[in-house]
Amino acid sequence: MIKIISTDLDGTLMSTDHLTVTERTLSALKQAHDRGVKLAIATGRPMVLIDNVIEQVPFVDYVIYANGAGVFDRNENRQIYSDLIPNDKARELISYFLDKEGFFEVYVDGRSICQAGLDKYFDRGEFPQEFIDEAINSMDACESLLDYLENKDVEKITLYSVKDEYYDDFIKKMKSYGLTTAISFSGCLEGTSPTANKGNALKGICDALGFSPDEAMSFGDAGNDVPMLEYAEYSFAMGNASDECKKSAKFITDSNANDGVAVAVEKYVLNN
């Protein structure tokens, strides 16, 4: 029996506008939750960028954020897990990326911090302008990112609008510092602690609750969802998912545009 559902946000739970949850998907998750199934959202976003989601889905039990660098228990209203990039490594990497002509953000204490003046390198790409505006407004720009960090450890470093010719070099650079890299969408590159990922975060929640992998259901569409899909016995790649994501999942559901999360929850939870 499925006891916990963990779902990615962008490209998965959220509609194609990256802002809304459809009535059908909300209804399916609410019915499952009313039956005692725990609900976790698992995202690459920082905590500061999930308020809109929680307003629509207020019964979320756990928030796995920054690709698993942190887990927040909403029932106990407290942080229950963190797996961070040490300050010294983060500062050296940030110094390296500050010398490149590109835009990036750093997640610290659930907030998104960026270097002032670099937003001119940001390309919104496939995302709707309304979502981009919300994301940009959630970032705190500072005159000196390195000064801001001081002795703070970092949840995640996210590069945007990365040119194809730089991808390999940037991945090698992050991995040379022991970081795990993931790609959520075209032009993006994310770096976290080597053990921080959505799969380990979901496993930690399940271990604490006494749940096994065959009692877990997960949904995703991109590379940063792979560890979570590999962990859960009932793992679903969205119809719009990357090939890597589909290979790692046990099942394929419909796209996020066609309520793929609801389709699977209705079949495997509500009609079980």
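Please read all numbers here as calculations on a predicted model, not as lab measurements.

(A) Structural context of the overall build of the protein. When you go through the protein residue by residue, the secondary structure sums to 11 helices and 14 strands. Relative to the 2.2 N^0.38 estimate, which gives 19 Å for 272 residues, the radius of gyration of the protein is 18 Å and therefore close to what a compact globule would have. Counting only C-alpha atoms, the protein reaches 55 × 35 × 35 Å along its principal axes. Within the protein, the fraction of its 272 residues that count as buried is 54%. Within the protein, contacts between residues separated by at least 24 positions form 60% of all contacts whose residues are at least 6 apart in sequence. Surface exposure of the protein reaches about 11,900 Å², of which carbon and sulfur atoms provide 45%.

(B) Local environment of the packing of helix H4 (residues 87-98) against helix H7 (residues 164-176). It is at 10 Å that the axes of H4 and H7 come closest, and there the two elements cross at 160°. Classified by the interaxial angle, the pair formed by H4 and H7 is roughly antiparallel. Both H4 and H7 take part in a crossing whose hand is right-handed. In contact with Leu93, Tyr96 and Phe97 of H4, H7 contributes Phe170, Lys173 and Met174. Tallied by class, residues from the contact of H4 with H7 come to 5 nonpolar, no polar and 1 charged.

(C) Highlighting the pairing of strand S4 (residues 70-73). In S4, alternate side chains face the same way, and those of Gly70 and Phe72 on one face and Val71 and Asp73 on the other are all buried. Inspection of the sheet shows strand S3 (residues 62-65) paired to S4 by 4 bridges, in the antiparallel sense. Its bridge partner lying in S4, Val63 is registered against Phe72. Here S3 folds back onto S4, and the loop between the two strands holds 4 residues, one of which, Ala66, carries a positive phi near 50°. Bridge count for S4 against strand S5 (residues 78-82) is 4 bridges, and the pairing is antiparallel. If you follow Gly70 over to S5, its bridge partner there is Ser82. The turn joining S4 and S5, which pair antiparallel and follow one another in sequence, is formed by 4 residues; a positive phi near 55° is taken by Asn77.

(D) The side chain of Asn197, seen in detail. Secondary-structure assignment places Asn197 in the loop between strand S11 (189-192) and helix H8 (198-209). Among the polar contacts made by the side chain of Asn197, one reaches the main-chain amide nitrogen of Gly199 at a distance of 2.9 Å. Separated by 2.7 Å, the side chain of Asn197 and the backbone nitrogen of Asn200 make a polar contact. Excluding its chain neighbours within four sequence positions, the residues that come into contact with Asn197 are Asn67, Gly68 and Pro227.

(E) The sheet that holds strand S8 (residues 139-142), seen in detail. The strand order S8-S7-S6-S9-S11-S10 describes an open sheet built from 6 strands, whose pairing is mixed. Both outer strands of the open sheet, S8 and strand S10 (180-182), are each paired with one neighbouring strand and no more. Direction aside, the axes of adjacent strands within the sheet are offset by 25° on average. Here strand S7 (residues 111-115) pairs with S8 via 4 bridges, running parallel. Residue pairing across strands places Gln115 opposite Cys142, the latter belonging to S8. Where H4 meets the sheet, it contacts strand S6 (103-108), S7 and strand S9 (156-160), and its direction lies at approximately 160° from that of S6. Sitting on the sheet, H7 is in contact with S9, S10 and S11, with an inclination near 5° to S11.

(F) Quick peek at the nonpolar core. Membership of the largest hydrophobic core comes to 69 residues, with the highest contact counts inside it found for Ile5, Ile157 and Val265. Once residues lying within four places of it in the same chain are set aside, the contact partners of Ile157 are Ile85, Leu93, Ile94, Phe104, Glu105, Val106, Met174, Leu189, Glu190 and Gly191.

Each value, and the rule that gives it
- Residues numbered from 1 in each chain as written.
- Predicted model: local features only at pLDDT ≥ 70, side-chain atom pairs only at ≥ 80, totals over all residues.
- Heavy atoms only, no water.
- Helix = DSSP H or I, 4+ residues; strand = E, 2+ residues; numbered from the N terminus.
- Rg over C-alpha atoms; globule rule 2.2 N^0.38 Å.
- Buried < 20%, exposed > 50% of the residue type's maximum accessible area, 1.4 Å probe, protein only.
- Contact = heavy atoms within 4.5 Å.
- Areas by Shrake-Rupley, 256 points an atom, 1.4 Å probe, with all protein chains shown as cover.
- Axes fitted to C-alpha atoms, helices over the stretch in contact; angles between N-to-C directions.
- Parallel < 35°, antiparallel > 145°, perpendicular 65-115°, else oblique.
- Left-handed = near helix turned anticlockwise from the far one by under 90°.
- Nonpolar A, V, L, I, M, F, W, Y, C, P; charged D, E, K, R; others polar.
- Pairing = 2+ DSSP bridges.
- Polar contact = N/O pair within 3.5 Å; in protein donor to acceptor, adjacent residues only side chain to side chain.
- Core = buried A, V, L, I, M, F, W, Y, C linked by side-chain atoms within 4.5 Å.

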